[in-house]
Amino acid sequence: MSHEAAGVPTTRNDEDRQDDVPQDSDGVPQDNDDVQAVQQNEAEPDAPGSAGPKDAGPRPEDRLARAVQVAEQALIEFEIAVETFRVEVENFSRLHHQKLGPMYARLDELDALIAEARAAKTGDPEDERKAREARAVVMPMPGVDELFHDWMDTDGLSPEAAAMLTEQPVRPPKRVRPSEEARRLYRELARKAHPDLAQDEVERQRRDGFIARVNAAYGRGDVELLKELVAEWEAGPVQPPAPLSESEELYARLEWLSRRKELLTVLAKELEDGAIGSMLRMAPDDPDQLLEDIAEQLLGEVSRREAELAEMTR
């Protein structure tokens, strides 16, 4: 029964309450259970059973953006690993030539002397041909300074190289692997300033230039410079988090990351399969000791050939 039927005058609040009561298509108020359900849904839009945002679930773009973020971080870690190994291969190659090059050169010279002594003793044309070939191996070449750096020149072995052959103390070369502190600082900088984290071309160029300086300092094992670069980056501009991209852009980003990973995989395999990389893999924990072991073996070979030459020239 309505208020009017009971003779009770309606108040302003009564009218408001009546206006709030849901009605069916004919304008008839719904029953109390329906009214309570509507009021509860209005008061609790996110409650279970309602059509609130909690039931909508994450957008596909959100999941795709997360996949891009994970792929970016994975690629950066992979690049750090490849660059770390590349620096070790480069340093090992340089030190291999610097430390062992004189010994290889001495072995070539002894081979030529032995071949020449044999040819002089036998007079055999074949022995003479072999002697000429052996001598050609050790003949000075134009640009030898550039090829062999500071351990050999057109006049012969440098004092440092001669000292190595006679087992006299010389200034030890730098280590194959940068120090642990240098490696830690390099990883920290690479993770923070990597160009793949740039959100626009200007920022990418800034990061490219900065990372090039980081790589150069790491290649030299310059801890102090790496510390300065850390401070420089921390003082630089802080980029705000990028808004979510549209799904098409995110898919394109994932494709680029995939291609980049393929290129790095090829580079890593070339490094590992190369002569120096294969040697490094023989002693991954102590490559410097590997150089010492090889040097010891070469010194033994030098001694044996010198004894052979002495026997032939008696």
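Before reading on, note that the structure itself is shown above.
Every chain's residues receive numbers from 1 upward, in the order its sequence appears when written. The model is predicted, so local features are restricted to residues of pLDDT at least 70 and side-chain atom pairs to those at 80 or more, both for listing and for counting; the totals for chains, interfaces and linings are taken over all residues. Side-chain figures throughout are based on the complete set of non-hydrogen atoms in the structure, without hydrogens or water.

1. Some details on the environment of Glu 72
Rules: A helix here means a DSSP run of H or I that spans at least four residues, while a strand means a run of E at least two residues long, and both kinds are numbered starting from the N terminus. When accessible area is computed with a 1.4 Å probe and restricted to protein chains, residues below 20% of their type maximum are described as buried, those above 50% as exposed, and intermediate ones as partly exposed.
By the element assignment, Glu 72 lies in helix H3 (residues 60-122). Here Glu 72 falls in the buried class, since its relative accessible area comes to 13%. Sequence separation between Glu 72 and Asp 196 is 124 residues, and the spatial gap between their C-alpha atoms is 7.2 Å.

2. Side note on the environment of Leu 280
With respect to the secondary-structure elements, Leu 280 resides in helix H11 (residues 275-282). Separated by 195 residues in the primary sequence, Leu 280 and Phe 85 have C-alpha atoms spaced 9.3 Å apart.

3. Concerning the packing of aromatic side chains
Within a pair of aromatic rings, the relevant descriptors are the distance that separates the centres and the angle that separates the planes. Rules: The pairing test for Phe, Tyr and Trp rings, Trp by its six-membered ring, is centres within 6.5 Å, and the orientation test on the planes gives stacked under 30 degrees, edge-to-face over 60, and tilted for anything in between.
Tallied over the entire structure, the rule returns 2 aromatic pairs. With centroids separated by 5.0 Å and ring planes inclined at 40°, the aromatic side chains of Phe 210 and Trp 233 adopt a geometry described as tilted. In this pair, Phe 210 sits in helix H8 (residues 201-220) while Trp 233 sits in helix H9 (residues 223-235), placing the two residues 23 residues apart along the sequence. When sorted by exposure, Phe 210 lands in the same class as Trp 233, which is buried.

4. Some remarks on the nonpolar core
What counts is decided by this rule: Buried Ala, Val, Leu, Ile, Met, Phe, Trp, Tyr and Cys residues that are joined via side-chain atoms within 4.5 Å together make up what is termed a nonpolar core. Residues count as neighbours in contact if any of their non-hydrogen atoms are within 4.5 Å of one another.
Phe 92 and Leu 100 are the most contacted members of the largest nonpolar core, which totals 26 residues. Contributions of two or more residues to this core are made by H3, helix H10 (247-273), H11 and helix H12 (287-312). Looking at which element gives the most residues to this core, the answer is H3, with 11 residues. For Leu 100, the contacting residues outside a window of four places in its chain are Leu 95, Leu 291, Ile 294, Ala 295 and Leu 298. Listed in part, the 20 residues of the second largest apolar core include Leu 185, Ala 190, Leu 229 and Trp 233.

5. Focus on the pattern of salt bridges
We count it as follows: The rule for a salt bridge is simple: a side-chain nitrogen of Lys or Arg has to be within 4 Å of a carboxyl oxygen of Asp or Glu.
In this structure the tally under the stated criterion is 27 salt bridges. Each member of the salt-bridge network shares a partner with another, and the members are Glu 181, Arg 184, Glu 188, Lys 192 and Glu 234.

6. Regarding the packing of helix H7 (residues 180-193) against H9
As a reminder of what qualifies: The axes are straight lines fitted to the C-alpha atoms, using for helices just the contacting stretch, and the angles between their N-to-C directions are given from 0 to 180°. Each angle receives one of four descriptions, namely roughly parallel if under 35 degrees, roughly antiparallel if over 145, roughly perpendicular if within 65 to 115, and oblique otherwise. When the near helix sits turned anticlockwise from the far one by under a right angle, the crossing is termed left-handed; a clockwise turn instead gives a right-handed crossing. Residues are grouped as follows: Ala, Val, Leu, Ile, Met, Phe, Trp, Tyr, Cys and Pro are nonpolar; Asp, Glu, Lys and Arg are charged; every other residue, Gly included, is polar.
Where H7 contacts H9, the two axes come as close as 9 Å, and the packing angle between them is 25°. The angle between H7 and H9 falls in the class roughly parallel. The element H7 and its partner H9 pack so that their crossing is left-handed. Packed against H7, whose contacting residues are Glu 181, Ala 182, Leu 185, Glu 188, Leu 189, Lys 192 and Ala 193, the element H9 presents Val 223, Leu 226, Lys 227, Leu 229, Val 230, Trp 233 and Glu 234 at the interface. Here the residues of the contact of H7 with H9 are counted per class, giving 9 nonpolar, no polar and 5 charged.

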